[in-house]
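Structure at a glance
These are the residues of each chain, in order.
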Amino acid sequence: MCFHHSEYTFTTAAVDNLKVWKCPEGTFLRNISGHNGIVNAVAVNEDDVLASCGDNGSLYMWDWKSGYNFQQLVSKPQPGSISSEAGIFAAKFDRSSMRLITAECDKSIKMWKEDENATPETHPIDPNFRVAFDSQRF
């Protein structure tokens, strides 16, 4: 679970998707779907980038407002670890919001930085993407 830095909202992780809630009542706002795996940790930075980290070592980057998944990464376990130790258990952006720090099942701590060479051409945004608001309450 993580709180948004400027909105009065928070997100939680579930097996099938991420859920965004409004405080203080805990009103459900929307689902962010697409992370294939059990999500253990979520973090959001000052630029409205939401990171979700999975039990299988997957790391997805989302746009907070639209829910668009613009990047998918996979963490590699340390040499000597078994494949089941690929999970990411915790994630937090540093104060600069430029680096994501993850704590992983293989007892490692990893730092991820944004791709300085990323351009709209190398990381295109799907023009047909639309936010899907579920009518489902939970």
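Below or above, wherever it landed, is the structure these notes cover. (Residues numbered from 1 in each chain as written. Predicted model: local features only at pLDDT ≥ 70, side-chain atom pairs only at ≥ 80, totals over all residues. Heavy atoms only, no water.)

The subject of this paragraph is unusual backbone geometry. Residues other than glycine predominantly adopt negative phi, and peptide bonds predominantly adopt the trans conformation. The residue after Cys23, namely Pro24, is reached through a cis peptide bond having omega -5°. Mapped onto the secondary structure, Pro24 falls in the loop between strand 3 (17–22) and strand 4 (27–33). With a phi close to 70°, Lys107 is a non-glycine residue in the positive phi region. (Helix = DSSP H or I, 4+ residues; strand = E, 2+ residues; numbered from the N terminus.)

So, on to the packing of aromatic side chains. The tally for this structure, following the rule as stated, stands at 4 aromatic pairs. When the ring of Phe10 is compared with that of Trp21, the centres are 6.5 Å apart and the planes differ by 15°; the resulting orientation is stacked. Taken together, the residues span a long stretch of sequence, with Phe10 in strand 2 (residues 9–13) and Trp21 in strand 3 at a distance of 11 residues. No difference in accessibility class separates Phe10 from Trp21, as the two residues are buried. Their ring planes at 70° and their centres at 5.3 Å tell us that Trp21 and Phe28 sit as a pair that is edge-to-face. Accessibility classification places Trp21 together with Phe28 in one group, the buried group. (Phe/Tyr/Trp six-rings, centres within 6.5 Å; stacked < 30°, edge-to-face > 60°. Buried < 20%, exposed > 50% of the residue type's maximum accessible area, 1.4 Å probe, protein only.)

What follows deals with the pairing of strand 3. The element strand 3 is largely enclosed, with a buried count of 5 among its 6 residues. Pairing of strand 2 with strand 3 involves 5 bridges; the strand directions are antiparallel. Paired with Ala13 across the two strands is Leu18, which belongs to strand 3. Following strand 2, the chain reverses through 3 residues before pairing antiparallel with strand 3. One ladder, built from 6 bridges, connects strand 3 with strand 4; its direction is antiparallel. Each residue of the ladder has a partner; that of Lys22, found in strand 4, is Thr27. The hairpin formed by strand 3 and strand 4 contains 4 residues between the paired strands, and Gly26 there has a positive phi angle of roughly 80°. (Pairing = 2+ DSSP bridges.)

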